[in-house]
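Analysis of the macromolecular model
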Amino acid sequence: MITWGTAMEIDLLGPVRVRDGDRAVQVGPARQQCVLAILAAEAGRVVGVPALVERVWADRAPAGARNLVQTYVARLRRVLVAAGADGASVLVFQNDGYRLAVDPESVDLVRFRALVAAGDPDAALALRRGTPLAGIEGEWARRTREALEEQCLDLVREREWAVRNDLPHGPVDFTGRDGELKWLSDKISGGASVLTFDGSAGVGKTALVLCAARMLTAAYPDGQLFLDLQGHAPSQRSLSAACALESLLRAVGTAQEDIPDGIGERASAWRTKLSGRRVLLVLDDVADAEQARAVLPGAPGCLTLITSRQRLSGLAGAPSRTVDVLPAPEAVALVERAAGRRAPPGAADLCGRLPLALRLVGARMRHSPQWTFGGGEAVTAAYEALEPLLRRAFRLLGRHPGIDITPHAAAALLGCSVDDAEDTLDTLFDVHLVRQHTPGRYRMHDLLRQYAVDLEEPDERDAITRVLDHYLYSANEADRQIAGRARFTPAENAVIAFVGTGMSWFDRELSNLRAVIEFACREKYDRHAWQIALTLFGYYGVKGMHTSAVAVHDRVLPIAGDVKLLSANVKLHVAVLEWRAGEYSRAAARLDDALPVLRSLGEHRSVGIALNSKGIIHLALGRQEEALACFEESLQARHAAADTRGEAASHLSIGDLLLRKGHRADAVESFRHALELAVDVADRAVESRALTSIGLALTGAEAAEYLERGAAVAEELRRLGSAAAPAHGTFGL
C-alpha cells in the first residue's frame, strides 16, 4: 500500500477542489477549475500557454484567451494561498507556460495512477468521489473523464471477479487411483478441457475428482468452483440449468440484479465472465449430458471435471473414464487406514472393494477394536454399530428435505437441543455417515440417504413437520427484517435460527428453501409450501429476482391457502419485469388487477409498492400529473403500513418528478424528507440517493457538498457489498 501525507491536496476524481487537510477551498468558475485540473494532471511539468488555451477552449478560443489564462492563474494563486501554499512559488510562469510546483502525489489523480500501477485497485477506486472533473466542459475534460471512467470500470470488473476455491474437503484417507490420475494428467497435457468420470454410487468418483482438482489448483489461479447438480439425489429434483447458472454466476461475483432471466442469456453471461480466465470447474453428480452441456465454460484455459453415474456419451469430444472399485491392494490399504489397524483377511473383498463401504467398515473397526467384520452389507454393519439414538438420527437425517443441513435444522428434525444436534452430527461424521462439506453444514451421501429412507421411522411425519417449521419461521424472521413485519406467528417450540441480516440469511439458505418448497408440494405439506413461498417475495424483490418469484408462485399456487394474496404478490413481480421491458400497458393492467385485492386484504405496504410502480409507468409515458397522484397515494399507503423505508422511497419519487417540472425548492424539500427517514432507519442506500438528489437540485458549493456526501456513502456501500443491500428493495424506488 502506498501512503501519502496530509499537506495541501488537489482532487480531480470528482468535483475539482483544493484542500488543506479537511478544509476545502473554493476553486472558482468552471474554466478556472479546468486550468487547475490541466496543471494538476501534469503536476511538476510545464504546460505551455497555447496548450492550455487549446485544452480549455479547443477550437472556440476567444480573442483574449491568453489574457484570460493569466487572469485564471492569478486567481488560482490566491486559492492556493488560502489552502496554505505560497501561491507565487507554487504556480510559476516558465518557458511560455505554467508549472504547478507541488509534490505530484498531492494530486489524487496522480495517486490513483500510482496505485493502479502498484496493483492496488481497491485503494485506487477508494479515491473516487463521483464523476471525475464534474461540471467542467470542453473536449479535454470530456476525453479525460471518459478515459478515467473506463479505467475505473475495468478496475471494478477486475475486482468483482471473485477468485474462489469452493472445493469441498476431500477424504483425508484418499488412497490409490494412480492410474486414473495419470490418465487425467495425460489428457490435460493433450489439450482436453472437459473430462468425465462415470461409475456406480459409492465407487469414489467425487473423492477422485476432488483430489485431482486440489493437485491442479496452481494451474487454475482464477478460481476453483464446485457445483453439485443433484442428478441422482433421493427425493429431490436434479438442479435445473437456470438454477445451476445462477449459482455459478453468483460464485464468480455477479450481483443478483445483474443475472439475466433467460437461460440463454445466463449461459452467455457465464461464458463471458470466464473469458480470458483460467478456472477449474467440478460438476458433481450430473444427471445426463444435456444438464452438463448447459453450464460448460466454453472458454479456452478453463478445465471442467464431471462425475456421473452413467456414461455421458452426448458430450462429444470429452474423454471419459469409468471408475471401478479399488484394486485389492489399494482396498486393503484404505480399510486399514480408516481402521488404524490391520484388517482381517478378506475384509476388503467382503466390502466389494467399494470406497464408501471400506470407510464405513474401517470406522467401525476403529471405534470398536474388538469387532471383526464377518461379512454382510457394509452400510448395515455401520448402521447397526450405532447407539439407538444415533440410529434414529441417521434415519431422520436421511429424510431431511433440503440440500444440506445445519445444527439448528438438525435440532428441529431430531427434536433436541442445538448442542445435542451438533454432537450427533459430529459423531456421525466421525464414522463417515455424514460429511461436512463446508464448516457448519453437513450432507449425506446419496447411497446412505437412500438406505436411511428405506428404514422404517415412526417419527417421520412429526420430524418433517418440525424441520419445515424451522425453515418457515426462520424465513419469516428474515422476511420481517426486510419487509418490516412478520407474516406469520411462529408455532410453539419452533427452532428459529437467524444469524446476520435478512438478506444474508436468505443468501445462505436459498437452495435449501427451494428444495424444501419442492418437497412440501410433492409430499402434501401444503401450508408450509405456500407460506415459505410468501416469505421469499420480499427477498426476491430486493434482489430483482422476478423470474424466480413467478416460478415459485406457479409451483405453489394450486395448493395455496391464501390464493388471493399469493397471486397479488406475484403480479407485482411480473409488472416490474414488464415495465422494465417497456411493456407499460401490460404492467399497468396487471397492477390494476392486483391493487383492489391488496387494498381489501389491508396489505398497505404492497399497495404502496404497486402505486409507486404505477407512478413510474405514468412518468415514463409523460403523464406527470397521474404519476404525482400515484406517488402521493403511495406515500399515504406506506405511512399507514409504518413502512418508513417505503415512505423515503416515495418522497424520492415525488422529488424526482418535481425536479423535472422545475420546482427545485419543493423537490429539495421532498428529498430532505427522504434523507431524514433514511437516516432514522439506517438505510444507507436511500441516504446516498437522497444526498445525491439534493445535490442535483441545488447549485454552487452547497450542491457540491451534497454530491460529495452522496458519493462517499455510495462508496461505503460498495465496499460493504451485499450485506448492505437496500432494504427497500427493487420495488421501493
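Keep in mind it's a predicted model, so treat the numbers as computed, not measured.

Cut-off values and rules
Residues numbered from 1 in each chain as written. Predicted model: local features only at pLDDT ≥ 70, side-chain atom pairs only at ≥ 80, totals over all residues. Heavy atoms only, no water. Buried < 20%, exposed > 50% of the residue type's maximum accessible area, 1.4 Å probe, protein only. Helix = DSSP H or I, 4+ residues; strand = E, 2+ residues; numbered from the N terminus. Contact = heavy atoms within 4.5 Å. 1 Å grid on protein atoms, 1.4 Å probe; cavity = no way out; pocket = protein on both sides within 12 Å on 5 of 7 lines; lining within 4 Å. Points joined across faces, edges and corners; volume = space filled by probe spheres on them. Expected span 1.5 Å × (residues − 1). Phe/Tyr/Trp six-rings, centres within 6.5 Å; stacked < 30°, edge-to-face > 60°. Core = buried A, V, L, I, M, F, W, Y, C linked by side-chain atoms within 4.5 Å. Salt bridge = Lys/Arg side-chain N within 4 Å of Asp/Glu carboxyl O. Axes fitted to C-alpha atoms, helices over the stretch in contact; angles between N-to-C directions. Parallel < 35°, antiparallel > 145°, perpendicular 65-115°, else oblique. Left-handed = near helix turned anticlockwise from the far one by under 90°. Nonpolar A, V, L, I, M, F, W, Y, C, P; charged D, E, K, R; others polar. Pairing = 2+ DSSP bridges. Patch = residues over 30% accessible without salt bridge, like charges linked within 9 Å, V, L, I, M, F, W, Y side chains within 5 Å. Areas by Shrake-Rupley, 256 points an atom, 1.4 Å probe, with all protein chains shown as cover. Lys, Arg positive; Asp, Glu negative; His and termini not counted. Charge placed at Lys NZ, Arg CZ, Asp CG, Glu CD. Polar contact = N/O pair within 3.5 Å; in protein donor to acceptor, adjacent residues only side chain to side chain. pLDDT = per-residue confidence, 0-100.

1. Looking at helix H18 (residues 407-414)
- When you tally the buried positions in H18, you get seven out of eight residues, the bulk of the element.
- Of the residues making up H18, those classed as buried are Pro407, Ala409, Ala410, Ala411, Ala412, Leu413 and Leu414.
- Its buried side turned inward, H18 meets helix H17 (388-397), helix H19 (418-430) and helix H21 (460-483).
- Backbone geometry just downstream of H18 places glycine 415 in the positive-phi region, at approximately 70°.

2. What about unusual backbone geometry?
- Notably, asparagine 95 is not glycine yet its phi reads approximately 55°, a positive angle.
- Checked against the element boundaries, asparagine 95 lands in the loop between strand S5 (91-93) and strand S6 (97-100).

3. Description of empty space enclosed by the protein
- This structure, assessed with the given rule, holds five cavities of 30 Å³ or more.
- When its volume is computed, the second largest cavity comes out at roughly 90 Å³.
- For the second largest cavity, the full set of lining residues is Leu397, His400, Gly402, Ile403, Asp404, Ile405, Leu425, Val434, Tyr442, Arg443, Met444 and Arg449.

4. Remarks on helix H27 (residues 604-620)
- Taking 1.5 Å per residue as the helical rise, H27 with its 17 residues ought to reach 24 Å, and the 24 Å between its terminal C-alpha atoms agrees with that figure.
- Among the 17 residues of H27, 15 are classified as buried, and the element is accordingly described as predominantly covered.
- Looking at the residues trailing H27, positive phi occurs at glycine 622, about 80°.

5. Section: the packing of aromatic side chains
- Within this structure, the stated rule accounts for 11 aromatic pairs.
- Measuring from ring centre to ring centre gives 5.2 Å for phenylalanine 93 and tyrosine 98, while their planes differ by 65°; the resulting arrangement is edge-to-face.
- Relative accessible area serves as the criterion here: at 7%, tyrosine 98 is assigned to the buried category.
- Their ring planes at 50° and their centres at 6.4 Å tell us that phenylalanine 394 and tyrosine 451 sit as a pair that is tilted. Taken together, the residues phenylalanine 394 in helix H17 and tyrosine 451 in helix H20 (residues 446-454) connect sequence positions 57 residues apart. Each member of the pair phenylalanine 394 and tyrosine 451 is classed as buried.

6. So, the nonpolar core
- Counting residues in hydrophobic clusters, the biggest one holds 113 residues, and the most contacted among them are Phe394, Leu433, Phe506 and Tyr539.
- Beyond its immediate stretch of four places on either side in the chain, leucine 433 contacts Leu360, Ala382, Leu386, Phe394, Leu428, Met444 and Leu448.
- With 52 residues, the next largest nonpolar core counts Val56, Ala83, Val107 and Leu125 among its residues.

7. Describing the pattern of salt bridges
- All chains considered together, the criterion is met by 42 salt bridges.
- Here aspartate 507 makes a salt bridge to arginine 250, at a shortest N to O gap of 3.3 Å. You can see aspartate 507 sitting in helix H22 (residues 502-522) and its partner arginine 250 sitting in helix H10 (residues 241-251), a full 257 residues away along the chain.
- Relative accessible area serves as the criterion here: at 23%, aspartate 507 is assigned to the partly exposed category.
- Between arginine 689 and aspartate 656 there is a salt bridge, and its shortest N-O distance comes to 2.3 Å. Of this pair, arginine 689 sits in helix H31 (residues 684-697) while aspartate 656 sits in helix H29 (residues 644-660), and the two are 33 residues apart along the sequence.
- Among the residues examined, aspartate 656 registers a relative accessible area of 23% and is labelled partly exposed.
- Residues participating in the shared-partner salt-bridge network are Glu9, Asp11, Arg17, Arg19, Arg111, Arg129 and Glu708.

8. So, the packing of H29 against helix H30 (residues 664-680)
- At a closest axis distance of 8 Å, the pairing of H29 and H30 adopts a crossing angle of 165°. The orientation of H29 with respect to H30, classified from their angle, is roughly antiparallel. Handedness of the H29/H30 crossing: left-handed. Here Thr644, Glu647, Ala648, His651, Leu652, Ile654, Gly655, Asp656, Leu658 and Leu659 of H29 come into contact with H30, specifically with Arg664, Asp666, Ala667, Ser670, Phe671, His673, Ala674, Leu677 and Ala678.
- Tallied by class, residues from the contact of H29 with H30 come to 10 nonpolar, five polar and four charged.

9. Focus: the side chain of threonine 406
- Considering the arrangement of structural elements, one finds threonine 406 in the loop between H17 and H18.
- Since its relative accessible area comes to 14%, threonine 406 is described here as buried.
- Discounting chain neighbours no more than four positions away, the residues touching threonine 406 are Leu425, Gly440, Arg441 and Glu509.

10. A closer look at the sheet that holds strand S2 (residues 17-20)
- What the three strands build is an open sheet, ordered S1-S2-S3; its pairing is antiparallel. Single-partner strands in this sheet number two, and they are strand S1 (9-11) and strand S3 (23-25). Averaged over neighbouring strand pairs, the angle between their axes works out to 35° when direction is ignored.
- Where S2 and S3 come together, three bridges link them in antiparallel fashion. Directly across from valine 18, in S3, lies its bridge partner valine 25.

11. Here we look at a negative patch on the surface
- A contiguous patch of negative charge on the surface is contributed by Asp419, Asp420, Glu422, Asp423, Asp426 and Asp430.
- Inspection of the secondary structure puts aspartate 426 in helix H19.

12. Looking at the layout of surface pockets
- Here the second largest pocket is characterised by a volume of approximately 1,100 Å³.
- Looking at the second largest pocket, it is lined by 45 residues, and the ones nearest its centre are His169, Pro171, Leu356, Arg435 and His445.
- Taken together, the residues of the lining of the second largest pocket break down into 17 nonpolar, 14 polar and 14 charged.

13. Some thoughts on the pairing of S6
- As paired strands, strand S4 (residues 46-48) and S6 are joined by three bridges and run antiparallel to one another. Paired with valine 46 across the strands is arginine 99, a residue of S6.
- The pairing of S5 with S6 spans three bridges and is antiparallel. Bridged to leucine 91 within S6 is leucine 100.

14. Some words on the side chain of glutamate 336
- Within the secondary structure, glutamate 336 sits in helix H13 (residues 328-339).
- At a separation of 3.3 Å, a polar atom in the side chain of glutamate 336 contacts the side chain of arginine 342.
- Engagement of the side chain of glutamate 336 in a polar contact is seen with the backbone nitrogen of alanine 343, the distance being 3.1 Å.
- What glutamate 336 contacts, discounting residues up to four positions off in sequence, is Arg341, Arg342 and Ala343.

15. Concerning the confidence of the model for the protein chain
- With 93% of its residues at a pLDDT of 70 or more, the protein chain has an overall mean of 85.
- Here residues 1-6 is a poorly scored stretch, pLDDT under 50, and it has nine contacts once near neighbours within four places are set aside; other chains count.

16. A closer look at the environment of alanine 682
- Assignment of secondary structure puts alanine 682 in the loop between H30 and H31.
- Along the sequence, alanine 682 and tyrosine 442 sit 240 residues apart, while their C-alpha atoms lie 36 Å from each other.

17. Here's the deal with the environment of valine 102
- Relative to the helices and strands, valine 102 is located in the loop between S6 and helix H5 (108-117).
- Along the chain, valine 102 and glutamate 9 lie 93 residues apart, while their C-alpha atoms are 9.2 Å from each other.
- Discounting residues that sit within four places of it in the chain, valine 102 has contacts with Met8, Ala43 and Val90.

18. Quick word on the environment of arginine 527
- One can find arginine 527 in helix H23 (residues 526-543).
- Ignoring anything within four residues of it in the chain, the contact list for arginine 527 reads Asp469, Leu472 and Tyr473.
- Of note is the side chain of arginine 527, whose polar atom sits 3.3 Å from the side chain of histidine 528.

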